Amino acid sequence: MAERKGLVEIVCAEYNLSQRRACQLVGLSSSLCYYQPKRVADTEIVRELRALADQQPRWGFKQLYNALRNAGHGWNHKRLHRIYRALKLHLRVNRGKRIPKRSPLPLQQTGQLNECWSVDFMSDALFNGRRFRTLNVIDDFNREVLAIEVDTSLPTVRVTRGLDQVALERGYPQRIRVDNGPEFTSAAFHDWAATHRVQLDFIQPGRPAQNAYIERFNRTYREEVLDFYLFSSLQEVRAMTENWLHTYNHLRPHDALNGSVPAAFLSAAG
């Protein structure tokens, strides 16, 4: 069609004919001859979109579209989105792992040692800004702190290893109450629990009150240790935590224990 349009222009110029008559002689519809496409080639959109996306790699489609509109480009958003998807410029979104519906057991006072342990993580930072985590383990029966692991990273293998070390002295619990963190929902943690015949009691997502015993302990640990001191190294955190744990388990009275201490309940149970 482009060749015929060019031929119409030649005929008009050489024979001084109207464009309509020239179209009849060439055999081209006059409407096609007069038609001027309004759309610009996709190559221009691709060029502008790529250039803007390279400058702002964390912008999504809405930001890119509005920026191009503000720059004076009047491209339709549907067309722009089609090219945006074709260029695979869309940001990757990590979808949360689907968590099965939980039916946690009611939170109640247990009747014996090792009936139920509560486990949870906390996070804080050293004086230089370096982040670290703690893994806290308590026995629900007498609120005794069984272990606090401190490190920059505490994957599932560290969690199970820490629980195994506690079990060397106390034995394994009947069940463990945990949240839905990736360390607890992993296949490795489920395998560990099945191997040692430990029932996993998951709380419902967004319901920390269902793990109230460990949450109450976390508050005390933060107020009396993590927020009370400035630490320059992990060794200082571990040493201060170890000294504080002796006070917590043997000297600090608990309202939930009628003013007694966890160690006294442990002696009575033994």
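This is a predicted model, so every value here is computed, not measured.

S.K.: I would appreciate a short explanation of the overall build of the chain in the present structure.
M.R.: Each helix and strand counted, the chain has 12 helices and 5 strands in total. By the burial criterion, 41% of the 270 residues in the chain qualify as buried. Surface exposure of the chain reaches about 16800 Å², of which carbon and sulfur atoms provide 50%.

S.K.: Looking at this structure, how should I read the side chain of Arg177?
M.R.: Inspection of the secondary structure puts Arg177 in strand E4 (residues 175–178). For Arg177, the side chain forms a polar contact with the side chain of Ser118, separated by 3.5 Å. In this structure the side chain of Arg177 is engaged in a polar contact, spanning 2.6 Å, whose partner is the side chain of Asp140.

S.K.: Looking at this structure, how should I read a nonpolar patch on the surface?
M.R.: On the surface, Tyr15, Leu17 and Leu25 cluster together into a nonpolar patch covering about 310 Å² of accessible area. The residue Leu25 is located in helix H2 (residues 19–26) in this model.

S.K.: For this particular structure, what's the right way to read the layout of surface pockets?
M.R.: In this structure, the largest pocket spans a volume of roughly 380 Å³. In terms of lining, the largest pocket is formed by 16 residues, of which the most central are Val145, Leu146, Ala147, Glu242 and Leu245. Of all the elements in the fold, those that place two or more residues in the lining of the largest pocket are strand E3 (144–151), helix H7 (156–170) and helix H11 (234–250). It is E3 that contributes the most residues to the lining of the largest pocket, 6 residues altogether.

S.K.: What should I look at first to understand the pairing of E4 in this one?
M.R.: Neither face of E4 is exposed, since Arg175 and Arg177 on one face and Ile176 and Val178 on the opposite face are all buried. Here strand E1 (residues 116–125) runs beside E4; their pairing, made up of 3 bridges, is parallel. Bridge pairing links Ser118 to Arg177 in E4. Summarising the sheet, E4 and strand E5 (residues 199–202) pair through 4 bridges and their orientation is parallel. The residue bridging Arg175 from the neighbouring strand is Gln199, located in E5.

S.K.: Would you mind showing me how to read the sheet that holds strand E2 (residues 131–139) here?
M.R.: Two strands in a sheet stick together by hydrogen bonds in their backbones, pointing the same way (parallel) or opposite ways (antiparallel). One open sheet holds the 5 strands; their spatial order is E3-E2-E1-E4-E5, and the pairing between them is mixed. Where the open sheet ends on each side, the last strands, each with one partner, are E3 and E5. Neighbour-to-neighbour, the strand axes of the sheet open up by a mean angle of 25 degrees, direction not taken into account. Each of E1, E2, E3 and E4 touches helix H10 (residues 212–226); the most contacted strand, E1, lies at about 35 degrees to it.

S.K.: Help me understand the confidence of the model for the chain, please; the structure alone is not making it clear to me.
M.R.: Mean pLDDT over the chain: 84, with 86% of residues reaching 70 or higher. Across the chain, element-level confidence peaks in helix H9 (residues 187–195) with a mean pLDDT of 96 and bottoms out in helix H12 (residues 262–269) with 66.

S.K.: Any chance you could explain H9 here in plain terms?
M.R.: Looking only at H9, the buried set comprises Phe189, Trp192 and Ala193. Each buried residue of H9 lies within a common arc of 95 degrees when the element is viewed along its axis, so the set occupies one face. Of the exposed residues in H9, those oriented more than 90 degrees away from the buried face are Ala187, Asp191, Ala194 and Thr195. In the core, the buried residues of H9 are packed alongside H7, E4, helix H8 (182–185) and E5. Where H9 terminates, the next one or two residues include Arg197, which has phi positive at roughly 55 degrees.

Conventions adopted
Residues numbered from 1 in each chain as written. Predicted model: local features only at pLDDT ≥ 70, side-chain atom pairs only at ≥ 80, totals over all residues. Heavy atoms only, no water. Helix = DSSP H or I, 4+ residues; strand = E, 2+ residues; numbered from the N terminus. Buried < 20%, exposed > 50% of the residue type's maximum accessible area, 1.4 Å probe, protein only. Areas by Shrake-Rupley, 256 points an atom, 1.4 Å probe, with all protein chains shown as cover. Polar contact = N/O pair within 3.5 Å; in protein donor to acceptor, adjacent residues only side chain to side chain. Patch = residues over 30% accessible without salt bridge, like charges linked within 9 Å, V, L, I, M, F, W, Y side chains within 5 Å. Salt bridge = Lys/Arg side-chain N within 4 Å of Asp/Glu carboxyl O. 1 Å grid on protein atoms, 1.4 Å probe; cavity = no way out; pocket = protein on both sides within 12 Å on 5 of 7 lines; lining within 4 Å. Points joined across faces, edges and corners; volume = space filled by probe spheres on them. Pairing = 2+ DSSP bridges. Axes fitted to C-alpha atoms, helices over the stretch in contact; angles between N-to-C directions. Contact = heavy atoms within 4.5 Å. pLDDT = per-residue confidence, 0-100. Arc of directions from axis to C-beta.

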